[in-house]
Every structure is written in structure tokens, then in C-alpha cells.
Amino acid sequence: MEIKMHEPILEADYVIVGAGAVGMALADTLVAETSAKVVIVDRRAKPGGHWNDAYPFVRLHGPSVTYGVNSTPLGSGRIDTVGLNAGLNELASGAEICAYYDRVMQDSLLPSGRVTWLPLHDVDESGTATSLVNGQRRRLVAGRRWVDATQADTQVPSTHGPRFAVAHGVTCLTPTELTQWRQPAAGHVIVGGGKTAMDTALWLLEHGVDPDAITWIRPREAWLLNRANVQPTAAFAHQALTAMVAEFEAARDATSLPDLFARLEAARLLQRIDPTVQPTMYRCAIVSEAELAQLRRIKNVVRLGHVRAIEIDRIVLEHGEIATSARHVHVHCSAGGLPRGPLQPVFQGQRLVPQYVRRCSPSFSAAFIAHLEATLDDEQEKNALCEPVLVPRVPLDWLRMHLQTAKNQLRWSQRADVQDWLRRSRLEAYTGLFERMQREADPAWVALQSRLKQVRGPGYERLAELLRTAPASAKPEARVTGRAMFEQAGALETR
Ligand SMILES: Cc1cc2nc3c(=O)[nH]c(=O)nc-3n(C[C@H](O)[C@H](O)[C@H](O)COP(=O)(O)OP(=O)(O)OC[C@H]3O[C@@H](n4cnc5c(N)ncnc54)[C@H](O)[C@@H]3O)c2cc1C
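Cut-offs applied
- Residues numbered from 1 in each chain as written.
- Predicted model: local features only at pLDDT ≥ 70, side-chain atom pairs only at ≥ 80, totals over all residues.
- Near = placed C-beta within 6 Å.
- Helix = DSSP H or I, 4+ residues; strand = E, 2+ residues; numbered from the N terminus.
- Axes fitted to C-alpha atoms, helices over the stretch in contact; angles between N-to-C directions.
- Left-handed = near helix turned anticlockwise from the far one by under 90°.
- Contact = placed C-beta atoms within 7 Å.
- Domains from an automatic or database assignment.
- Nonpolar A, V, L, I, M, F, W, Y, C, P; charged D, E, K, R; others polar.
- Pairing = 2+ DSSP bridges.
- pLDDT = per-residue confidence, 0-100.
- Expected span 1.5 Å × (residues − 1).
- Buried ≥ 20, exposed ≤ 12 C-beta atoms within 10 Å, placed from the backbone.
- Parallel < 35°, antiparallel > 145°, perpendicular 65-115°, else oblique.

Trainee: So what exactly am I meant to see when it comes to the site of the ligand here?
Mentor: Around the ligand, the surrounding shell holds 31 residues, and the nearest of these are Gly18, Gly20, Gly49, Leu60 and Ala152. Sorting the residues of the shell around the ligand by element identifies α1 (21-33), β4 (121-123) and α8 (362-375) as the ones contributing at least two each. Element by element, the count of residues in the shell around the ligand is highest for α1, at three residues.

Listed below in C-alpha cells is the structure:
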């Protein structure tokens, strides 16, 4: 790359582009485990990535205890006693997450004296950072690695407007604008089938909107994880292990793909809002059973494909139209969420491209990758320990993610140094927790462990077979790759 002489150079061992959950978790572990100098740069004014633009009622959908950076706990370790998450580990709000990342930056990374933070800078393909405030350009040079922590490209409604036409006079709001809207509506129309749409539905119900006054345009149904099973703390250890055993038993006994998902649903591992509709989407969204019960109160669900246009008196969809009015409030919940690019090696010479190395675990994966970077030299060895796990899109991805995660975990289990780090990692709560439980030698725990040992092998074998023999219709992504794949499938529309 040609260096323009008039551009000042800013050099560090690592240049991390993107200060979202991934860039921050990487920086935190690199600073903790090496003596390297790090530049972190982001277009946004604050660290935290997409959370800075999220709607006011957003929360994590997985527990706070496994989110954030490895060095600093997020949240107080509370079990919620009220609301739809009662009885489960707390879920940080968007505001709490932003404050947390700001604190990590101000109280930990910057005081290390080895981190330079460039907010409000756009990085172009030549590696130049341009200030979005004064236009000053700086050439960034990475002595060891250039870290591209921008893969997620997370899209939220406030930054990515609707991809359908909205006629003049129609009220079409983002979830953020919905909270600021002060006029009574003749009815609410939610557009989207992903997590943002679910959050919006719950918010409306919580604010006393009659479920019959809500129309929910859900082009597709999603499989949802049951939050009760992803609680990595001592009080839930038995439940977590029971869920793992049930998962493998479902896999071992499944006679076909539909049968697998039926078994996972019967074991309350996966759930769906409408049990009469076959899901075609899986994006790792997590809901509690109480939230699910609320969502099911909305009966007016429109399944006529994606919205093409909202006009004053009708909504035009791919497969039909429905009536609306100028007095209805339409809520656009159809931003992309988590698009995924093509999988690629994490370590690529001068470049490092963080991706998931365990299913649906952005924070853990980034910290783990940074730990390998800090402690191992051999590039091949590092890549072998963290083969990327895809960001899921369709139900079949549930199997793919499981199998790839298992492959990685098997390799980790064969290395004492990696196991030791996992045991101490805040973001990988299960290894340490399960070892503590093992030491207590509680008979119920021992029995569960022995069941797990019996079913794990056959379960994985059956999953691999189901994946191998899956019909082409279950794998639409085989035909296209990367971003085109998402756009073709309309997957950018939902989360
Ligand atoms: C509503 C919602 C709820 C979620 N809940 C959970 C949860 O409970 N648990 C969980 O594990 N995961 C959850 N996720 C997923 C997870 O939080 C996100 O995947 C994660 O925050 C993504 O972090 P990121 O750093 O990869 O991406 P982002 O947050 O998108 O950050 C990328 C950053 O890169 C910057 N950037 C991009 N290009 C450039 C450039 N050229 N120059 C400068 N800067 C650039 C962007 O400005 C951005 O700040 C949730 C996601 C959403 C949308």
C-alpha cells in the first residue's frame, strides 16, 4: 500500500478497527495478557458498537454474566425477581452496556498507557483513519496485526431505515421513535419477525396496548432458545447440564430433521411463538417462557411475505395486502441485525478477523482469540484451535454450529494451557462451574454426567449424519455466499 507523505502515521502493535463488543473484548485481553500497544478506532463517538444506537427498551437476551470483556464483570450478579425474566440471571439494558464499555475504556484500557482510542474516525480500505469531526487523516500502521472487528456490521432500525416504500402521511416509526410518540394510535402494526420485533411487541403489551389492537407482520417464524437453559451460574448448574443431556438425547434419537426439531421443542430447548407454523429462521434469539406466553397473546399475525410498501390505507406485501390507516402506528423492526460474511481463517498473517469460535458467543470468542494470539506463535496451531463457527440464519445452522463448536471444544480439551484459561475465564462460565460441581460429587450431578458421557458421541454422530443427508431445500445458502446470500434470502430484514 502506498503511504501518502503528508498523512501522519499512527503505529501500534495492533490496530483494532471496530470498538463494539468484539473489538473491546479483544483489546481487553490483549492488554491484559501482552505488553503490546493497541490503537482502537471506530466511527462512533463511544465504544459499544451497535448498542449506542439501540432502542431504549433493548436488553441483552442472554445473561449479563457472559457478556462484555473478560476482565470486568457486567452487572451485579442479580437474579431478577420481577418482570418477564424473573427467576433468571439479569439482562443488562442497552444503557448499562454502553456505560460498561465506556467504563472499560476510561478506567482500564486508557489508564494502561498502551491504548490509543480514536472515536469518530472512519477507516478506509487503504488503512487511513479520517476524523469525522475535522477531516484530519491519519495513516494507521499495525506492527503485528490489523484486526478487523467490523465483521458483524450490526444493523439496527435507527441506523438502517425500512427497505420498503412509505407513503407521505403514513406514521412509520423506529422502536426508538415509538417511545417518543405521544399520540394515541388506532392500532399498532409491527413489521418484522426477529428479536427487535419481539421486544417491540413486549413493550407495547407492557404499556397496556390491547393485543387485539396489534397487527404483527411476520414474514417468517423463528426457532428461539429457552433462556432457562442458558444460565451459567451455580444455582442453575443442574438445569444447564440436564439441558445438554436432553439436547444430545434428542439428536441421538432423531429420525429426521423435522423429528429433531420436534424433539428439541418437546424438551423445551427450542421454542416458537406459533406452534402451528414451521420455522424457517434460526438466529440464536433467546426468550424466557414468560416472554413467549406474552408474545402468543398477539393473534393478528400476517404471513403474506415481506412488506413492499405502506400506503395511507393499505399495506402491500409480497403475497397480498391488508388494510391500514393514517391513524395507525407502524413500527419498523426490519433492520438486518446480524448479517454474516463468508467464514474465513481467523489468523491471516498480518490480518486477524475475529469470528465466533463457539456458538453465538461474540464476547467469549473475541477474548479467546486474543488469548491465543497472546500465548501461541504458530499460526496454523492457532487457526486449528479456532475454526470459525457460523452466524446462524436457518434452522439447519443449529446443527452446523453445534458440530463446529464441538470440534473446537474437543481440541481445547486436549490442551492443558487452554483448559486452564477457560477455567479462569469470566466469559466461559461453564468450564469452571462444571468442574466445581464435579468436585462436590453430588449423586444427581454424577448421574447426569454419566448420562452425558453416554449420549454425547451418538448425539454428535447423528447430527453429522442429519446434516450430511439434509435435503437441498434446507440449505439455501449452498448456492450463494456472503452478503449476497442474505440479501437474496431477505434475511437482512429480521433479527
Ligand atoms: C438487539 C441485539 C441484542 C443482542 N443480544 C445479545 C446477547 O444477549 N448476548 C450475546 O452474546 N449477543 C447478543 N447480540 C449479538 C452481539 O451483541 C452482537 O453480535 C455484538 O454486540 C456485535 O459486536 P461487534 O463488535 O461484532 O459489532 P458492532 O456492535 O456492529 O460493532 C462494530 C463496530 O465497527 C465500527 N466500524 C465498522 N466499520 C468501520 C470503519 N470502516 N471505520 C471505523 N469503524 C467501523 C462500527 O461503527 C461499530 O461500532 C445482540 C445483538 C443485537 C442487535
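Trainee: Whenever I open this one, the packing of α1 against α8 confuses me. Can you help?
Mentor: Describing two packed helices takes the angle between their axes plus the distance from one axis to the other. Look at α1 against α8: their axes get within 8 Å of each other, and the N-to-C directions meet at 35°. As α1 runs across α8, the sense of the crossing is right-handed. Judged by residue contacts, Ala21, Val22, Ala25, Leu26, Asp28, Thr29, Leu30 and Glu33 of α1 engage Pro362, Ser363, Ala366, Ala367, Ile369, Ala370, His371, Glu373, Ala374 and Thr375 from α8.

Trainee: Help me understand the domain arrangement of the chain, please; the structure alone is not making it clear to me.
Mentor: One frequent convention defines the size of an interface as the accessible area lost when the parts assemble. When the domains of the chain are assigned, the result is domain 1 (9-150 + 344-385) and domain 2 (224-271 + 395-474). Just the C-alpha atoms count here: the centres of domain 1 and domain 2 sit 27 Å apart. Each partner contributes residues to the interface: domain 1 has 18 residues there, and domain 2 has 20 residues. Broken down by element, the side of domain 1 that touches domain 2 gets its largest block of residues, five residues, from α8. Tallied by class, the residues present in the side of domain 1 that touches domain 2 amount to nine nonpolar, seven polar and two charged.

Trainee: In this structure, what is going on with the sheet that holds strand β7 (residues 165-166)? I would like to understand it.
Mentor: Pairing between sheet strands relies on hydrogen bonds along the backbone, with the strands arranged either parallel or antiparallel. If you walk across this open sheet you meet the four strands as β7-β15-β16-β17, and the pairing is mixed. Edge positions in the sheet fall to β7 and β17 (320-323), since each has one partner strand and no second.

Trainee: Can you walk me through the confidence of the model for the chain in this structure?
Mentor: Low-confidence regions, as indicated by low pLDDT, have predicted coordinates that should not be scrutinised in detail. The predicted model of the chain averages 92 in pLDDT, with 94% of residues at 70 or higher. Across residues 478-495, where pLDDT falls below 50, the model places 36 contacts with residues more than four positions away in sequence or in other chains.

Trainee: I'm lost on the sheet that holds strand β18 (residues 328-332) in this one. Help?
Mentor: The sheet built from five strands is open, its strands ordered β8-β18-β9-β10-β14 with parallel pairing. The open sheet has two edge strands with one neighbour each: β8 (171-173) and β14 (301-302). Across the sheet, helix α4 (residues 195-206) lies against β9 (187-191), β10 (214-217) and β18, angled at about 160° from β9, the strand it touches most.

Trainee: I'm lost on α8 in this one. Help?
Mentor: Think of an α-helix as turning once every 3.6 residues; residues three or four places apart then point the same way. Taking 1.5 Å as the rise per residue, α8 with 14 residues should run 20 Å; its terminal C-alpha atoms sit 20 Å apart, in good agreement. Pro362, Ser363, Phe364, Ser365, Ala366, Ala367, Phe368, Ile369, Ala370, His371, Leu372 and Glu373 are the residues of α8 that are buried. Those residues of α8 that are buried lie in contact with α1, β20 (351-352), α9 (379-385) and α11 (416-424).

Trainee: Where do I start with the pairing of strand β13 (residues 281-287) in this structure?
Mentor: Within a regular strand, the side chains alternate between the two sheet faces. Most of β13 sits out of view: seven of its seven residues are buried. Two strands pair when backbone bridges link them, and strand β11 (residues 222-226) and β13 are joined in this way by four bridges, in the parallel orientation. Residue pairing in the sheet places Leu225 in a bridge with Ile286 of β13.

Trainee: I would appreciate a short explanation of the packing of helix α10 (residues 396-413) against helix α13 (residues 443-468) in the present structure.
Mentor: Following both chains from N to C, one finds α10 and α13 inclined at 130°, their axes separated by 10 Å at the closest point. Here α13 runs oblique to α10, going by the angle between their axes. Crossing of α10 over α13 shows left-handed handedness. Contacts from Leu399, Arg400, His402, Leu403 and Ala406 of α10 reach α13 at Tyr460, Leu463, Ala464, Leu466 and Leu467. The class makeup of the residues in the contact of α10 with α13 is eight nonpolar, one polar and one charged.

Trainee: Please clarify how the environment of Trp146 should be interpreted in this entry.
Mentor: As for its position among the elements, Trp146 is in strand β6 (residues 137-148). On the basis of neighbour count, Trp146 is assigned to the buried category, with 20 C-beta atoms found within 10 Å. Placed 107 residues apart in sequence, Trp146 and Val39 show a C-alpha to C-alpha distance of 9.8 Å. Once residues within four sequence positions are removed from consideration, Trp146 is found in contact with Val15, Gln350 and Arg351.

Trainee: Even after reading the chapter, I still don't get the environment of Ile16, so can you show me in this structure?
Mentor: Within the secondary structure layout, Ile16 lies in strand β1 (residues 9-17). Setting aside anything within four residues of it in sequence, one finds Ile16 in contact with Gly23, Leu26, Ala27, Val38, Val39, Ile40, Val147 and Ala149.

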